[in-house]
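Coordinate analysis (summary)
Listed below are the residues making up each chain.
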Amino acid sequence: MSDEVDVPEDHPRYQSLLTRHRIEAGVEKGITSTQGLIAEGRGEAFDYLLGEETIPSADRAARAAAAHFLLAEHPVISVNGNVAALVPGEVVELAEATDADIEVNLFGRTEERVRAIAAHLREYGASEVKGLTADARIPGLSHERAKVDRDGIYDADVVLVPLEDGDRAEALGEMGKTEVVIDLNPLSRSARVATVPIIDNILRALPNVARHARDLSGSPRETLTEIVEGFDREGALDAAERRLREGATRESE
């Protein structure tokens, strides 16, 4: 997608400008809400404080996430409007690397938006996209994100919930699901309730999880289990918070 914006890739703000452009294009295409622009701006501020790079603890989290997905019986990648606009190809690549389902789930849900996002993901190679059936509900939620497919998120044992809102993250946890959360704010409810919080930009995090999944493919279950059990979620959150507060030169991971 390097031709999406008329800015050289060596421009110091290239990634930021590319991200903004993708969200803007998503709004124009009807897959992203205007509120998504605000959410992206908030995330960009945190990424700036992180140094706009994947810190070591986030890469360890991505590896643990990959192990969870490879151990899962029914992993699902949840996709909202911003995810669809920012990383549609990366979602498909991760689904292929981990044999995961893809499901559209929206706070500002309309059937038109769900269909538009599903079509957008299919343009990037998705063979099947769930979310249109919406024949089950997540207990404890009164808004539209409660609507899920029974053979998708409702039945999943591991769910990737990138760019999540905290109440659904908490509700999925109450259902006993293993949650992988991608969030640039280590203090958010989503990150705090996640089994595996990946504190990183989704543009970097999804490819990292897919890379680790490909590297770990075919590994014995014992190896994957060791990775899962050895992951320090509190340590990952603490390391990200230190980076935000103190910067790269004083970080200790």
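Please refer to the structure placed before this passage.
Now for a look at the structure at hand. Worth saying up front: this structure is predicted, and the values here are computed from it rather than measured.

Attention shifts here to the packing of helix 3 (residues 56-71) against helix 9 (residues 202-216). The axes of two packed helices give the description: the angle between them and the distance between them. For the pair helix 3 and helix 9, the least separation of the axes is 8 Å and the interaxial angle reads 55 degrees. Taken together, helix 3 and helix 9 sit at an angle that is classed as oblique. Of the two possible hands of crossing, helix 3 and helix 9 adopt the one that is right-handed. Contacts between helix 3 and helix 9 pair Asp-59, Ala-62, Arg-63, Ala-65, Ala-66, Ala-67 and Leu-70 from the former with Asn-208, Val-209, Arg-211, His-212, Ala-213 and Leu-216 from the latter. The class makeup of the residues in the contact of helix 3 with helix 9 is 8 nonpolar, 2 polar and 3 charged.

A few words on the layout of surface pockets. Estimated volume of the largest pocket: approximately 960 Å³. Taken together, 39 residues line the largest pocket, and the ones lying closest to its centre are Ala-39, Arg-42, Asn-80, Asn-82 and Leu-163. Listed by contribution, the elements that provide at least two residues to the lining of the largest pocket are helix 1 (14-29), helix 2 (35-50), helix 4 (81-86), helix 8 (189-193) and helix 9. A per-element tally of the lining of the largest pocket places helix 2 first, with 10 residues.

Take the side chain of Thr-32 next. Its place among the elements puts Thr-32 in the loop between helix 1 and helix 2. Here Gly-81 takes part through its backbone oxygen, which lies 3.0 Å from a polar atom of the side chain of Thr-32. Look past the residues within four positions of Thr-32 in its chain and what remains in contact with it is Ile-23, Gly-26, Val-27, Gly-81, Asn-82, Ala-85 and Arg-113.

The buried fraction of strand 1 (residues 75-79) amounts to 5 of the 5 residues, a majority that puts the element mostly inside the structure. Two elements, strand 1 and strand 5 (residues 158-162), share 3 bridges in a ladder whose sense is parallel. Within strand 5, the residue paired with Val-76 across the bridge is Val-159. Bridge count between strand 1 and strand 2 (residues 101-104): 4 bridges; the pairing is parallel. By the bridge assignment for strand 2, Ile-77 is matched with Ile-102.

Mapping Pro-56 onto the fold places it in helix 3. The spatial distance from the C-alpha of Pro-56 to the C-alpha of Asp-200 is 10 Å, given a sequence separation of 144 residues.

A word on the sheet that holds strand 6 (residues 178-182). One open sheet accounts for 5 strands, arranged 2-1-5-6-7; its pairing is parallel. On the outer flanks of this sheet lie strand 2 and strand 7 (196-198), each paired with one strand and no other. Within the sheet, the average angular offset between the axes of one strand and its neighbour, ignoring direction, is 20 degrees. Here strand 5 runs beside strand 6; their pairing, made up of 5 bridges, is parallel. Bridged to Val-159 within strand 6 is Glu-179.

The rules behind these values
- Residues numbered from 1 in each chain as written.
- Predicted model: local features only at pLDDT ≥ 70, side-chain atom pairs only at ≥ 80, totals over all residues.
- Heavy atoms only, no water.
- Axes fitted to C-alpha atoms, helices over the stretch in contact; angles between N-to-C directions.
- Helix = DSSP H or I, 4+ residues; strand = E, 2+ residues; numbered from the N terminus.
- Parallel < 35°, antiparallel > 145°, perpendicular 65-115°, else oblique.
- Left-handed = near helix turned anticlockwise from the far one by under 90°.
- Contact = heavy atoms within 4.5 Å.
- Nonpolar A, V, L, I, M, F, W, Y, C, P; charged D, E, K, R; others polar.
- 1 Å grid on protein atoms, 1.4 Å probe; cavity = no way out; pocket = protein on both sides within 12 Å on 5 of 7 lines; lining within 4 Å.
- Points joined across faces, edges and corners; volume = space filled by probe spheres on them.
- Polar contact = N/O pair within 3.5 Å; in protein donor to acceptor, adjacent residues only side chain to side chain.
- Buried < 20%, exposed > 50% of the residue type's maximum accessible area, 1.4 Å probe, protein only.
- Pairing = 2+ DSSP bridges.

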